[in-house]
Amino acid sequence: MPTKTLPEKSEITVIGGGIVGVTIAHELAKRGEEVTVIEKRFIGSGSTFRCGTGIRQQFNDEANVQVMKRSVELWKRYSEEYGFPFEQTGYLFLLYDDEEVEEFKKNIAIQNKFGVPTRLITPEEAKEIVPLLDISEVVAASWNPTDGKADPFHSTAKFALHAEEFGAKLVEYTEVKDFIVENGEIKGLKTSRGTIKTGIVINATNAWAKLVNAMAGIRTKIPIEPYKHQAVITQPIKKGAVKPMVISFRYGHAYLTQTAHGGVVGGVGYEEGPTYDLNPTYEFMRQVSYYFTKIIPALRELLILRTWAGYYAKTPDSNPAIGKIEELSDYYIAAGFSGHGFMMAPAVAEMVADLITKGKTDLPVEWYDPYRFERGELRGQALQMG
Ligand SMILES: Cc1cc2nc3c(=O)[nH]c(=O)nc-3n(C[C@H](O)[C@H](O)[C@H](O)COP(=O)(O)OP(=O)(O)OC[C@H]3O[C@@H](n4cnc5c(N)ncnc54)[C@H](O)[C@@H]3O)c2cc1C
């Protein structure tokens, strides 16, 4: 169980106890570093527990493909070692016209270059994978059987427990309120439950990252804004009915799959913001019902049990900001995951831990350079689902 009291001091402090903060602390503690996570509510209470479970390597640029390939290796390794479910049931992107097919052929070539075994399949093959699909308008599909899904509650809790076993301290219900800085050096953090002396800080607060940057006095422009995204869960149906994550950009940027309990979970691209509001809306219910039943008509028979909302912490190019902020020693950021931070977390943890312990990493972290916004060097828009 997470530590109740705030330690007096810690070499490294991670602000934010979502999947990203927890996996960073896990990786650092495993390497023998002294690390504390400070979380204002409980572990996983931010976007992490509201997410759609999806883990994919199907991106449209080299950096994200490489990083996600590594992340999937780590998801596989840790799910086996720590005993949480990570199912490689694949991701199936349904394609409806030549333009989409051409775009996905390019993506598949990039993925194949790094050993991600995605291939273009026929509508009939797609229907073999998900027999309930309506393929009357589908012309092809992009299929990678090694993509998958993991339970966000279960996996975050397991990473947290093992981080503690390696000596990390996880402090809940404690909010970071301010930085103590002397001559450009971090000396400590002021929290709602006292002060902690620390020299190295990682901002892993995602939707709240700009508030923490402001507290730290960071002037570099790192635009991360919270957007409301919603999700739905239906009553359970026969297990195995929708094994992969099914995506349809044509129908509302919809994504859907089946949870271990049997319900169909997913969402659409409908977005509101920037906002910190999290009330589910009727408009989302209307859209999700319309689009989901276009993809799988049988879903018409199902009851919706619940809808909820969470944040996508978005940047202008839908890629996170990961790296060291030079204005302040030693301040790092890993935030702005734009709707795909759950899947990235294990590889992000490795990159951040490498930067802190070795000053460099073999993974292409430059792609996520926090200074790219200020320099006007936006990346190609990362493939965002939902
Ligand atoms: C509907 C929906 C579906 C999604 N589907 C997917 C998906 O299928 N796959 C995927 O990869 N991603 C998905 N995402 C995105 C994913 O949820 C996020 O990218 C990921 O959870 C980000 O993790 P995090 O640890 O960075 O942030 P969070 O989980 O938000 O953690 C940040 C934490 O910081 C804490 N905090 C903030 N300020 C302070 C402070 N001052 N002091 C202390 N603590 C503080 C917060 O309480 C919070 O717990 C989805 C998101 C939504 C909303």
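Just so we're clear, the structure is a prediction, and the values are computed from it rather than from any experiment. (Residues numbered from 1 in each chain as written. Predicted model: local features only at pLDDT ≥ 70, side-chain atom pairs only at ≥ 80, totals over all residues. Heavy atoms only, no water.)

### What to know about the domain arrangement of the protein
Put simply, an interface is often sized by how much accessible area is lost when its parts join up.
At step 1: Under the domain assignment, the protein is made up of domain 1 (9-49 + 153-224 + 317-368) and domain 2 (88-146 + 225-314).
At step 2: The distance between the C-alpha centroids of domain 1 and domain 2 comes to 30 Å.
At step 3: Listed as interface residues are 13 residues of domain 1 and, on the opposing side, 8 residues of domain 2.
At step 4: Surface buried jointly by domain 1 and domain 2 totals about 920 Å² across both partners, of which 55% is contributed by carbon and sulfur atoms.
At step 5: For the domain 1 face of the interface with domain 2, the top three residues by lost area are A207, I224 and S338, together amounting to 41%.
At step 6: Counting across the interface, domain 1 meets domain 2 through 1 salt bridge.
At step 7: The shortest N-O distance in the salt bridge between K210 and E225 comes to 2.8 Å.
At step 8: There are 5 residue pairs in polar contact (both at pLDDT 80 or more) connecting domain 1 and domain 2.
At step 9: Partitioned by chemical class, the residues of the side of domain 1 that touches domain 2 number 7 nonpolar, 5 polar and 1 charged. (Domains from an automatic or database assignment. Contact = heavy atoms within 4.5 Å. Buried area = accessible area lost by both parts, 1.4 Å probe. Salt bridge = Lys/Arg side-chain N within 4 Å of Asp/Glu carboxyl O. Polar contact = N/O pair within 3.5 Å; in protein donor to acceptor, adjacent residues only side chain to side chain. Nonpolar A, V, L, I, M, F, W, Y, C, P; charged D, E, K, R; others polar.)

### Comments concerning the site of the ligand
At step 1: Around the ligand sit 37 residues, and of these E39, S47, T48, G52 and M343 come closest.
At step 2: A distance of 3.0 Å separates an oxygen atom of the ligand from a polar backbone atom of V20.
At step 3: Expressed as a share of its isolated accessible area of 1000 Å², the protein-covered part of the ligand is 99%.
At step 4: If you list the elements that add at least two residues to the shell around the ligand, you get α1 (19-30), β18 (304-314) and α8 (341-358).
At step 5: Looking at side-chain class alone, the shell around the ligand contains 15 nonpolar, 18 polar and 4 charged residues.
At step 6: When residues of the shell around the ligand are sorted by domain, at least three fall in each of domain 1 (9-49 + 153-224 + 317-368) and domain 2 (88-146 + 225-314). (Near = heavy atom within 4 Å. Areas by Shrake-Rupley, 256 points an atom, 1.4 Å probe, with all protein chains shown as cover. Helix = DSSP H or I, 4+ residues; strand = E, 2+ residues; numbered from the N terminus.)

### Observations concerning the pairing of strand β16 (residues 264-267)
At step 1: A two-sided burial pattern is seen for β16, the buried positions comprising V264 and G266 on one face and V265 and G267 on the other.
At step 2: Relative to β16, strand β13 (residues 225-234) runs antiparallel, the two being bridged by 2 bridges. Considered in β16, the bridge of I233 is made with V265.
At step 3: Where strand β15 (residues 254-258) and β16 come together, 4 bridges link them in antiparallel fashion. In the strand pairing of β16, L256 is matched with G266.
At step 4: Counting the residues in the hairpin turn of β15 and β16 gives 5 residues, including G262, whose phi is positive at 105 degrees. (Buried < 20%, exposed > 50% of the residue type's maximum accessible area, 1.4 Å probe, protein only. Pairing = 2+ DSSP bridges.)

### What to know about the pairing of β18
At step 1: Among the 11 residues of β18, 8 are classified as buried, and the element is accordingly described as predominantly covered.
At step 2: Bridge count between β13 and β18: 10 bridges; the pairing is antiparallel. Considered in β18, the bridge of Q230 is made with A309.

### A closer look at the environment of G359
At step 1: Along the chain, G359 falls in the loop between α8 and α9 (372-375).
At step 2: According to the relative accessible area criterion, G359 is exposed, its value standing at 56%.

### Observations regarding the packing of α1 against helix α2 (residues 62-82)
Between two packed helices, both the angle of their axes relative to each other and the distance between the axes serve to describe the pair.
At step 1: Where α1 meets α2, the closest approach of the two axes is 15 Å, and the angle between their N-to-C directions is 75 degrees. The angle between α1 and α2 places the two elements in the roughly perpendicular class. Between α1, through I19, H26, E27 and K30, and α2, the contact on the second element is made entirely by W75, R77, Y78 and Y82.
At step 2: Residues of the contact of α1 with α2, tallied by class, amount to 4 nonpolar, 1 polar and 3 charged. (Axes fitted to C-alpha atoms, helices over the stretch in contact; angles between N-to-C directions. Parallel < 35°, antiparallel > 145°, perpendicular 65-115°, else oblique.)

### Quick look at helix α5 (residues 152-165)
At step 1: For α5, built from 14 residues, the straight-helix expectation of 20 Å at 1.5 Å per residue is met to within 8% by its first-to-last C-alpha distance of 20 Å.
At step 2: Of the residues making up α5, those classed as buried are P152, S155, T156, F159, A160, H162, A163 and E164.
At step 3: On its buried side, α5 packs onto α1, α2, β8 (148-150), β9 (169-171) and α8.
At step 4: Of the residues flanking the start of α5, the one acting as N-cap is D151, its side-chain oxygen 2.8 Å from the backbone nitrogen of F153.
At step 5: Looking one or two residues past α5, G167 carries a phi angle of roughly 105 degrees, positive in sign. (Expected span 1.5 Å × (residues − 1).)

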